[in-house]
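Summary of the model geometry
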Protein chains: 2
Amino acid sequence: DIIDKKLKFYAINAYRVAKETGMGARINTIMQTCFFAISGVLPRDQAIEKIKEAVQATYGGKGEEVVAKNFAAVDATLANLNEINVPDKVTSTKKRPPAVPEHAPEFVKNVTARIIANEGDQLPVSAMPVDGTFPTDTCRWEKRNIALEIPVWDPDTCAQCGKCAIVCPHAAIRMKAYSESCLKGAPKTFKSTPAKGAEFKGMMMTVQVAPEDCTGCGVCVEACPAKSKKDPQRKAIYMATQAPLRVPERENYEFFLDLPEFDRGKLNIATVKGSQYLQPLFEYSGACAGCGETPYVKLLSQLFGDRAIIGNATGCSSIYGGNLPTTPWAQTAEGRGPVWSNSLFEDNAEFGLGFRLTLDKHKEFAGELLTRLAKDIGENLVDEILSADQSTEAGIGAQRERVATLKQKLEKMSSPEAKNLHSVANALVKKSVWAIGGDGWAYDIGYGGLDHVLALGRDVNVLVLDTEVYSNTGGQMSKATPLGAVAKFAAAGKPIAKKDLGMMAMAYGSVYVAQIAMGANDAQTVKAFVEAEAYDGPSLIIAYSHCIAHGIDMLHGMSHQKAAVQCGYWPLYRFNPARIAEGKNPLQLDSRAPKISFEEYAYSENRYKMLTKSNPDRAAKLLKKAQESVLARFHQYEELVKAYAPVVEEPKAKAAAEAETAAAAR
Amino acid sequence: DIIDKKLKFYAINAYRVAKETGMGARINTIMQTCFFAISGVLPRDQAIEKIKEAVQATYGGKGEEVVAKNFAAVDATLANLNEINVPDKVTSTKKRPPAVPEHAPEFVKNVTARIIANEGDQLPVSAMPVDGTFPTDTCRWEKRNIALEIPVWDPDTCAQCGKCAIVCPHAAIRMKAYSESCLKGAPKTFKSTPAKGAEFKGMMMTVQVAPEDCTGCGVCVEACPAKSKKDPQRKAIYMATQAPLRVPERENYEFFLDLPEFDRGKLNIATVKGSQYLQPLFEYSGACAGCGETPYVKLLSQLFGDRAIIGNATGCSSIYGGNLPTTPWAQTAEGRGPVWSNSLFEDNAEFGLGFRLTLDKHKEFAGELLTRLAKDIGENLVDEILSADQSTEAGIGAQRERVATLKQKLEKMSSPEAKNLHSVANALVKKSVWAIGGDGWAYDIGYGGLDHVLALGRDVNVLVLDTEVYSNTGGQMSKATPLGAVAKFAAAGKPIAKKDLGMMAMAYGSVYVAQIAMGANDAQTVKAFVEAEAYDGPSLIIAYSHCIAHGIDMLHGMSHQKAAVQCGYWPLYRFNPARIAEGKNPLQLDSRAPKISFEEYAYSENRYKMLTKSNPDRAAKLLKKAQESVLARFHQYEELVKAYAPVVEEPKAKAAAEAETAAAAR
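Here's what I pulled together on the structure shown here. (Residues numbered from 1 in each chain as written. Chains lettered and ligands numbered in written order. Predicted model: local features only at pLDDT ≥ 70, side-chain atom pairs only at ≥ 80, totals over all residues. Heavy atoms only, no water.)

Concerning the interface of chain B and chain A
Applicable threshold: Here, two residues are considered to be in contact whenever any of their heavy atoms come within 4.5 Å of each other. Accessible area that two parts lose when put together, evaluated with a 1.4 Å probe and summed over both, is termed the buried area. For this document, the term salt bridge refers to a Lys or Arg side-chain nitrogen within 4 Å of an Asp or Glu carboxyl oxygen. Contacts described as polar in this section are N or O atom pairs within 3.5 Å, which, within protein, must combine one atom able to donate a hydrogen with one able to accept it, while residues neighboring in sequence count only if both atoms come from side chains. Numbering goes from the N terminus for both helices and strands, where a helix is a DSSP run of H or I of at least four residues and a strand is a run of E of at least two. Throughout, the ten residues Ala, Val, Leu, Ile, Met, Phe, Trp, Tyr, Cys and Pro are labelled nonpolar, Asp, Glu, Lys and Arg are labelled charged, and all others, Gly among them, are labelled polar.
Residue-level contacts link 28 residues of chain B with 28 residues of chain A. Of the roughly 2,300 Å² buried at the junction of chain B and chain A (both faces included), carbon and sulfur atoms supply 62%. Counting the surface chain B buries against chain A, the share from its top three residues, B:Lys479, B:Met504 and B:Ala507, is 21%. Taken together, the connections running from chain B to chain A amount to four salt bridges. For B:Asp451, the salt bridge identified is with A:Lys499, shortest N-O distance 2.5 Å. Seen at the junction of chain B and chain A, the total is seven residue pairs in polar contact (both at pLDDT 80 or more). Among the secondary structure elements, those contributing two or more residues to the side of chain B that touches chain A are helix H17 (439–445), helix H18 (447–456), helix H19 (501–506) and helix H25 (616–643) of chain B. With seven residues, the single largest contributor to the side of chain B that touches chain A is H25(B). Grouping the constituent residues of the side of chain B that touches chain A by class yields 14 nonpolar, six polar and eight charged.

Shown next as structure tokens:
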């Protein structure tokens, strides 16, 4: 095309220019400058002047530093823009690779790949699944290769804590433990080291990067707590240019994926480390590099994905969760993985409830049929199935085997009842029902339904990915938006405090509620997920999710989470009604009293800081109000812990003790 | 018709039979017995047997006592059923009175009366108001005369406390204070006595019954605390047969209504007594005799009705509030009264918010125009209007006069701005915006919107008439239904505790919240209304409303309210965010620790008690759970009071004191 159309062809290493001028990975100003420099729409000098005026107007509110960086980027662009001389005929022998590899499944090759290649319009309707159900686990075929740099693992420095893996938004850095014999035939650059921990005794382990799926966000390196003894600047994970690593690490990653999965039943999944030895069943989504939501979603997929049924509210998570043509929700080698669907913005909790009601009914029906058919099936098997303890991974695994045996038996039976039982037998294995969505759903548009589902007492788990703003539609204020933050429809800073969804849900007394922030306390995050899922009733997890809408460097997203907790703005807690029966306080406050100011946290984020430019007086007023509100609210949480403390009948106890003393004295 | 059709004609004093057999005012069983006794559908003995079987089946769940009463009623029916001998031509000279009196307004005579007379179908469309707005204050023309007995006032015994008036569901018993000269021309049975209280010095007062509007519920007599010294069985209000009183009391009532209203600005309206000297602007609705909702609605109309704008959710209150053909919402002599409309079940809070936003915009626009036109209008008047203090009744009255003057001036001006100002000038007088509805609206169907309105911080007042069940549609469970109560969709007793709407709203910290029960503490009820309305932000009042759906004798409705509070089930409290700025605790718990058991309260109501018949084991289990839940919840409220206590920086204060002591010691 270039030759045919006699195009002038220019190139610029815009990412290098951006990096050198402090713009990070933002190249929009640079590319705009290129356009005006080349197009001749305006005389070059005049164009540069206009661009700088536009920069001032657009970014002035974000501070002088941002403006200065953009100016520097504009100036550096012109020096780095090169024209490429094009020959008058094609000389290259390179060809565009296929959209997906040859060994991809038929549907992926015939449908998914064509959409990836921008040929979706040419697909006949008959190519689409008849019932609208799309296969999951297809993101893995879309190798995007968008990272300039990817993490590299240093096994000698690694503490094997799992922190790099748990924070990765794209499941692009993983851990596996395996017996040494598995290393036979490993690619020569494949790294391995003895696995630490009693459960892995005598085994090897690897931390492996997916080089073509990694977005290069660097969050894993930030999260890594282990520093090299040789070079204290270098951690157990460090960034390196992707290009030279692409081919060898691709081979390593393929080898890694083929290693056997560790037995779920033998892992302590309620820990950061244990959870990260579980296979992610949510991988390589199209979420932003450094996304604050997807680490939670991925964790959920690791812990419960092999038996999860998920309703997803409209929002970022419905986009990256089921963005045609590919689906990040994945499957185990046995073909088990989350069933996922996006309903509407206004009914997702109810949508999740529908799954629950259906499963409960199926299970009840299966139970009735089992009892009726007990003689034909075998009393022992029926008893075992009906009395199975599925509170552990091992218990669930055992039940799966029983149900497989049952289904084999049923296939040999011809009665209508046997057929009915076969059709609902899967409901006898414990399922994990989730409603997932953002704050726009949970605090606002879907709140009426969410409240109703929480009130009904059924076992539905709710995960709120709280970015405190309508992220997907461009940053509009929600009831989760904090006091003082700037958002669309709150251009002068929100004057009202954030809705305390957790406190409202706790008022029921019968709802499991946790407020979490992975960047502040990843262990508490994992515990909350495990407890919420185990609780036989409604559960609500409110997860602090940093977001590009916060005006932060996403590399440091987890640090912002930490600061939000340290200043007391985002108290971590777990309210577990199951503890009441045990005579324990249901409410556990998992974070300490504020030790930094709200300002220190808030003014590290442009959503707050920009108001100090546009309206300094109001900014100061709102900051003061927000600081007061944070302290008052934290105090209330401390008092709530006391309020929920089990009531000890002290007067009676005292009277009894006195009576005893009196009796003894006689 | 009787003569023409040669009908056999029977009569029974069914109310007497009901009363004598302990059935109260329930005559359905008696009338059913009459039907079978007369119709000959079945042989009489067999019919009686069948009726008794049906009674056992229908009321067995409500206890043996209820069944026995019904059996007695059946037996007594036959002895009291008399055939009336009908002459073969009409001999009576009596005529059916007109549906409304001759002096009713034209619209009432031409439209309302015809609908009352069952001739609505014959009205032409052109008779209807063009914009759909129906005139208010029309219930007064529909004299129903349904009471067998009405209250009689004994001025010598009366303490003038206002308790009879405040509890009256139909505004059929009222108080007025007036100068003695007004008594000129009073009907000869009109009663009067010197008014007590400093503000009424030298004046007379009357407690007057509306004999034809009273439903005879007797709640006023129950509420009266004053006993006659001569006859301790008799209170300052006692019931007497209506018939002989109808004509004289009708005259007395008409005379009473014509007496001048006491100056609102001179009353202490924040008290039970003071509020009951205010004219009710909600009267003679079609609510059940003894209704637990309407006393609150009537109180609202007395306190704020002359400047209220009300959105009403679907439910009982939308039926009795605007039941064609008549409207209980009324007007003062000056033509001021509530503007009222029923929107939908699912959007009433938002509907109320719309009123608020409109008023605020009108007020803002009026302010701008006032400033622009200040020279033409007069700087002084403009200043006075814009800086008016409308926090008192007197202040509002003064502003009304200023706005009247302004409008007179504007009428003489011809500029478009003057016309615009004239059209929005009324918004300069403080309005009172209310969203009213039941628990089905506030806890369930409209909760998403209610929560949103509470979160927005605008000055909308919300009154929840909490009957704990969908009363209007027949008693279905709502999220307000308490643990252990039987309701439709909760036939085995609700297993989950009532949603704590107040606690959830308090979580915002910026919403005025009150939980009230007039029968337990009427003074707190009045205070809550006044504070809620005064608070410049969203307010929520949750009002315990006893209901026929509770399975109680409505005569004792207020006693049930009291028991609900005494057992700790319904804590009374007020949460006023305005107190925070004053350094006071925003949360005031207005009721004491439980002093009776939950059982004592609950088992006085059939909604709870019937479960002890149908499922005694489950009843016992739920009762225990409910009792525990009540105690735990009350404890939480007590602790919440501590949690909201203003934070005193004790450590610092202590350190400073120590430093001072140390300095002094040097």
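Side note on the relation of the copies chain B and chain A
The condition is simple: The atoms used to superpose the copies are C-alpha atoms, taken from residues with pLDDT of at least 70 in both, and the fit is least squares.
Least-squares fitting of chain B to chain A yields an RMSD of 0.1 Å, with the transformation described by 0.0 Å of translation along the axis and a rotation of 180°. Between the two chains, the operation in question is that of a two-fold axis. No C-alpha of chain B approaches the rotation axis more nearly than that of B:Gly448, which lies at 2.0 Å. Here 100% of the contact residues of chain B are again contact residues in chain A; the copies associate through an equivalent surface.

Looking at the state of the cysteines
All names here are of chain A. Note the following rule: Only a pair of cysteine sulfur atoms within 2.5 Å counts as a disulfide in this structure description. The buried label applies to any residue whose accessible area, calculated with a 1.4 Å probe on protein chains only, is under 20% of its type's maximum; exposed applies above 50%, and partly exposed to all values in between.
On inspection of all chains with the given rule, the structure shows zero disulfides over all chains. Unpaired in terms of disulfides, Cys 161 finds its nearest cysteine sulfur in Cys 224, a separation of 6.3 Å. The class of Cys 161 is partly exposed, set by a relative accessible area of 24%. Cys 547 supplies the cysteine sulfur nearest to Cys 316, a cysteine that is in no disulfide, at a spacing of 6.0 Å.

Description of the packing of helix H3 (residues 44–59) of chain A against helix H4 (residues 64–80) of chain A
Packed helices, taken two at a time, are described by their axes: the angle between them and the distance between them. Residues and elements named next belong to chain A. The criterion, for reference: Structural elements are reduced to axes, namely lines fitted to C-alpha atoms, with helices fitted over the stretch in contact, and the angle between N-to-C directions of any two is expressed from 0 to 180 degrees. When an angle is under 35 degrees it counts as roughly parallel; over 145 it counts as roughly antiparallel; between 65 and 115 it counts as roughly perpendicular; any other value is oblique. A crossing counts as left-handed when the near helix is turned anticlockwise from the far one by less than a right angle, and as right-handed when that turn is clockwise.
Contact geometry of H3 with H4 gives a least axis separation of 9 Å together with a crossing angle of 160°. Regarding the angle of H3 to H4, the classification is roughly antiparallel. Along this stretch, H3 crosses H4, giving a crossing that reads as right-handed. Of the residues in H4, those touching H3 at Arg 44, Ile 48, Ile 51, Lys 52, Val 55, Gln 56 and Tyr 59 are Val 66, Val 67, Asn 70, Phe 71, Val 74, Asp 75 and Leu 78. For the contact of H3 with H4, the per-class residue count stands at nine nonpolar, two polar and three charged.

A look at the environment of B:Ile30
Residues and elements named next belong to chain B. If you trace the backbone, Ile 30 turns up in helix H2 (residues 28–39). Look at Ile 30 and you get buried, because its relative accessible area is 0%. In contact with Ile 30, other than residues within four places in its own chain, are Ile 12, Ala 14, Val 17, Ala 18, Ala 73 and Thr 77.

Treat this as a map of the structure, not an account of what it does.
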